[in-house]
Amino acid sequence: MKTKICATCKAEETTMYRVQIRKGKVWIFVCESCCKMHKQGEYYRYGGTWKGYRH
Ligand SMILES: [Zn+2]
């Protein structure tokens, strides 16, 4: 099982959300709770879900 570190709260998770939260083309990976928070942002864009495990 693989993990990533959330770009905004540094939590280590096995499911991460690829998003943009600032103007420009920079994609970051954030955890679920940060994703929900960033959704309200003006520059929020969703680019897919990353999973560090297989079903
Ligand atoms: Zn987070």
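Residues numbered from 1 in each chain as written. Predicted model: local features only at pLDDT ≥ 70, side-chain atom pairs only at ≥ 80, totals over all residues. Heavy atoms only, no water.

**Quick look at the coordination of the zinc ion**
The criterion, for reference: For Na, K and Ca the donor cutoff is 3.2 Å, while for all other metals N, O and S atoms must lie within 2.8 Å; water is not among the atoms, so some sites may look incomplete. Think of it this way: with four donors and all angles in the 85 to 135 degree range, the site is tetrahedral; with four or six donors, opposite ones beyond 155 degrees and the rest between 65 and 115, it is square planar or octahedral; otherwise it is irregular. A run of H or I in DSSP counts as a helix once it spans at least four residues, and a run of E counts as a strand once it spans at least two, with each numbered from the N terminus. Each residue is placed in one exposure class: buried if its accessible area under a 1.4 Å probe, protein chains only, is under 20% of its type's maximum, exposed if it is over 50%, and partly exposed if it falls in between.
Around the zinc ion, the protein supplies Cys 6 (SG), Cys 9 (SG), Cys 31 (SG) and Cys 34 (SG) as donor atoms, at distances of 2.3 Å. Considering all four donor atoms around the zinc ion, angles at the metal cover 106 to 119 degrees and the coordination shape is tetrahedral. Spacing between the donor residues of the zinc ion along their common chain follows C-x2-C-x21-C-x2-C. One end of the pair, Cys 9, is in the loop between strand 1 (4–5) and strand 2 (12–13); the other, Cys 34, is in helix 1 (residues 32–38), and 25 residues separate them in sequence. Accessibility expressed as a relative area gives 38% for Cys 9, which makes it partly exposed.

**Looking at the pairing of strand 3 (residues 15–20)**
Note the threshold: The criterion for strand pairing is that DSSP finds at least two bridges linking the strands in question.
Of all six residues in strand 3, five are buried, a share of seventy percent or more. Note: strand 3 against strand 5 (residues 45–51), five bridges, orientation antiparallel. Of the residues in strand 5, the one forming a bridge with Met 16 is Trp 50. For strand 3 and strand 4 (residues 28–30), the ladder comprises three bridges, and the chain directions are antiparallel. By the bridge assignment, Arg 18 is partnered in strand 4 with Phe 29.

**Quick word on the nonpolar core**
For the record, the criterion: Residue types Ala, Val, Leu, Ile, Met, Phe, Trp, Tyr and Cys, when buried and joined through side-chain atoms within 4.5 Å, form a set referred to as a nonpolar core. Note on contacts: a residue pair is in contact if any heavy atoms of the two residues lie within 4.5 Å.
Grouped together as the largest cluster of nonpolar side chains are eleven residues: Cys 6, Met 16, Tyr 17, Val 19, Ile 21, Ile 28, Val 30, Cys 31, Cys 34, Cys 35 and Tyr 44. Among the elements of the structure, strand 3, strand 4 and helix 1 are those that each provide at least two residues to this core. Per element, the largest residue contribution to this core is three residues, and it comes from strand 3. For Ile 21, the residues in contact, after removing those within four places along its chain, are Thr 8, Ile 28, His 38 and Tyr 43.

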